[in-house]
Amino acid sequence: MAIAKLKSDATEARLAGVTLPEGAAWAQAARADALTRLRAMGLPSKRDEYWKYTDPSDLTAVTAPKAALFDAQEAPLFGDTDRLEIVFVDGVFDADASDALAGEGIEIMRLSDAMAADIHWAKELYGVLETRGQTPVERPLAVLNTALATDGIVIHATGKVSKPVHISYLHADETSDAILHNLVKVDAGAEITLLETGPGAARFSSCLEVDIADTGAFHHVRTQGRDHERRTVTHCFARVGAESTFKSFTMTVNGVMTRNECVLDIIGDDAIAHVAGVCVGDGKDFHHDDTVFITHDALNGESRQVFKKVLRNGATGVFQGKILVKADAQKTDGYQISQSLLLDEDAQFLAKPELEIYADDVACSHGSTSGAIDETALFYLRSRGVPMNVARNLLTLSFMAEALDEIADPALAEELRDRLEGWLARHS
Amino acid sequence: MLEIKGLKVKLEDEDKQILKGLDLTVETGKVHAIMGPNGSGKSTLSYVLSGKDGYEVTDGSALLEGDDLLDMDPEERAALGLFLAFQYPVEIPGVGNMTFLRTAVNAQRKARGQEELSAGDFLKEVRAKAKDLKIDADMLKRPVNVGFSGGEKKRNEILQMAMLTPKMCILDETDSGLDVDAMKLVAEGVNALRSEGRSFLVITHYQRLLDHIKPDVVHIMADGKIVKTGGPELALEVENNGYADILAEVS
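About the criteria used
Residues numbered from 1 in each chain as written. Chains lettered and ligands numbered in written order. Predicted model: local features only at pLDDT ≥ 70, side-chain atom pairs only at ≥ 80, totals over all residues. Heavy atoms only, no water. Helix = DSSP H or I, 4+ residues; strand = E, 2+ residues; numbered from the N terminus. Rg over C-alpha atoms; globule rule 2.2 N^0.38 Å. Buried < 20%, exposed > 50% of the residue type's maximum accessible area, 1.4 Å probe, protein only. Contact = heavy atoms within 4.5 Å. Areas by Shrake-Rupley, 256 points an atom, 1.4 Å probe, with all protein chains shown as cover. pLDDT = per-residue confidence, 0-100. Axes fitted to C-alpha atoms, helices over the stretch in contact; angles between N-to-C directions. Parallel < 35°, antiparallel > 145°, perpendicular 65-115°, else oblique. Left-handed = near helix turned anticlockwise from the far one by under 90°. Nonpolar A, V, L, I, M, F, W, Y, C, P; charged D, E, K, R; others polar.

Focus on the overall build of chain B
Here is step 1 of the chain: Helix and strand counts for chain B stand at ten helices and twelve strands.
Here is step 2 of the chain: Taken against the 2.2 N^0.38 rule, which gives 18 Å for 251 residues, the C-alpha radius of gyration of chain B at 18 Å falls within 12% of a compact globule.
Here is step 3 of the chain: If you line up chain B on its principal axes, its C-alpha atoms span 55 × 40 × 35 Å.
Here is step 4 of the chain: Burial analysis of chain B (251 residues in total) assigns 52% to the buried set.
Here is step 5 of the chain: Taking contacts inside chain B between residues at least 6 apart in sequence as the whole, the part at least 24 apart equals 69%.
Here is step 6 of the chain: Total accessible area on chain B is roughly 11,000 Å²; 46% of this is exposed by carbon and sulfur atoms.

Printed below as a string of structure tokens:
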């Protein structure tokens, strides 16, 4: 079926004048294929069911809306962690600011270099998991990313990677429009931690494809920085093999628009896939959307979705989360919780939790709540001499604790907790 | 220490008068007990004194060493030395007991213009006091009151009291939900804190707690007022004859 003319026009307007980046024949083919797919489905509009709660117009506009730079005046995150540092400025790799692209148990290179090579493993991954993730729900902004991404990092973990890879996305230009695509391939028995921080650009699109072989492990901790006016859309597509582990956590602070989509495919038995996040937003122009789709297609899989949102002064939080359990995925254990703490009456939380189960021997649970600070607990703390604002912040942090607990490394969790504490102190 | 005069309190949301002109003076260093039937307003008194929302004071005053409590926020009252041991201690998932205690102790010190306790000094003190109350390291690490038994919750209240060293302690039915051994342990904790400079107001239904925490003065409360005041023998009278006789006598 042809898409509506309005949609088609908007898509052509976005694509007018763009030229596909250069690369090897396979890379060109992958991009051309993405372009064809995009034209067939069209860019999203707020009339689409999947975009009912989040207006994508800033993300699909021909040019990026301007976003003022924000000087956070604080030490960069993960500064004390021994890591392999990679820096992008407005979506462009900064070799001078980055460490050498090498490490123990790891092969790592710039996306543009991988895509220029005639033979490279990236061919088996680039746009491949993204394409798989287009059914049953289309994700056109990920297709746009696959077509147009010019930069990124490709990582092949061949063993236990001794230190985390940290990608820092800096924002330097008020009108920058960055499209980045990263690939991670985790071999059997290999283990890697990927850290990502920063606003990235005025408008930032990132697509991450992760392929975890049997018994591999991928840990991901991401923060989306404090620039108030930035727009961000991210996609993470992961294929999770037998007895392997996928864990991803995202902390979002500020931002006019954030849409984080996470699409996980559990294809091997006894695998674990966890995705979690917290966001804190203050003001009408804060909009944050977590959209998750987890497919269980193997025995005895465990998945968890844990999302906590703290919203005030008209801020909006969205959660769309789905667990799909296929008929052969017996003994699946799926858990999903999305909760918001509304610090005043203007804030709103829109949640659409979904379960679709075809197997008959599974344990799946989901819950979604919106609530205010617990007045009884607040009085208890104040009766012990804890001032009102300190007590409120303590309870707000405790609300987010379940999600922070999803981070495997306690030091990283503690660092994020401190940042959230700082944010709350500034916004109370 | 605590001077309450003609205190009248109604529920904020309802036209229901609970305290109807209550007078009570607790001298420094003394232990006063309040007994009374259900619905006489005992717990309301403890909440109004500690500053809980939902009540409206329509008349009267409550002074702590001359300072008017009723105009203050709960945290100001606490910093001034008022402490309420809750009948139902609140569970706070996600806040560690230790973090909670240290935040409270240091907030009060700060409010009084004292220096905050160092992490080391705090730890030493809390460990010693927890040991006396048979509170183990695991209970200190767990979230506040989460998964605690009834007895553990009440011991945790007394630990907070011991750490905060208030001047005026109100115990709201601290014996409820406790077995005999747990009650003894809690009473010992309270008795260890008795001192010349510290006063207690012990609210209870039953005389048995007063076997362990010996009061100087016993008040009988009914229908929002103190109706009779006497020595420890008054508690025994209640135990033997119930409230009916006393209430008939004063009406």
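Still to come is the rest of the account.
Notes on the side chain of Asn393(A)
Residues and elements named next belong to chain A.
Here is step 1 of the chain: Considering the arrangement of structural elements, one finds Asn393 in helix 8 (residues 388-404).
Here is step 2 of the chain: On the accessibility criterion, Asn393 (14% relative accessible area) is buried.
Here is step 3 of the chain: Leave out the neighbours within four places in its chain, and Asn393 touches Leu424, Ala425 and Ser428.

Things to note about the environment of Leu404(A)
All names here are of chain A.
Here is step 1 of the chain: Tracing the backbone through its elements, the reader meets Leu404 in helix 8.
Here is step 2 of the chain: Sequence separation between Leu404 and Gly277 is 127 residues; the distance between their C-alpha atoms is 7.6 Å.
Here is step 3 of the chain: Contacts of Leu404, omitting those with residues within four sequence positions, involve Phe249, Ala413, Leu416, Arg417 and Leu420.

Observations regarding the confidence of the model for chain B
Here is step 1 of the chain: Across chain B, the average pLDDT comes to 91, with 100% of residues at or above 70.
Here is step 2 of the chain: The least confident element of chain B is helix 10 (residues 243-250) of chain B, whose mean pLDDT is 80; the most confident is strand 6 (residues 82-85) of chain B, at 96.

Let's talk about the environment of Asp80(A)
Here is step 1 of the chain: Mapped onto the fold, Asp80(A) is located in the loop between helix 3 (57-60) and strand 1 (84-89).
Here is step 2 of the chain: C-alpha of Asp80(A) to C-alpha of Leu412(A): the two residues are 332 residues apart in sequence and 10.0 Å apart in space.

Points about the packing of helix 7 (residues 375-383) of chain A against helix 8 of chain A
All names here are of chain A.
Here is step 1 of the chain: With their axes 9 Å apart at the nearest point, helix 7 and helix 8 run at an angle of 130° to one another. Judged by the angle between their axes, helix 7 and helix 8 are oblique. In terms of crossing hand, the pair formed by helix 7 and helix 8 is right-handed. Residue-level inspection shows Ala377, Leu378, Leu381 and Arg382 of helix 7 in contact with helix 8, the latter providing Met388, Ala391, Arg392, Leu394 and Leu395.
Here is step 2 of the chain: For the contact of helix 7 with helix 8, the per-class residue count stands at seven nonpolar, no polar and two charged.

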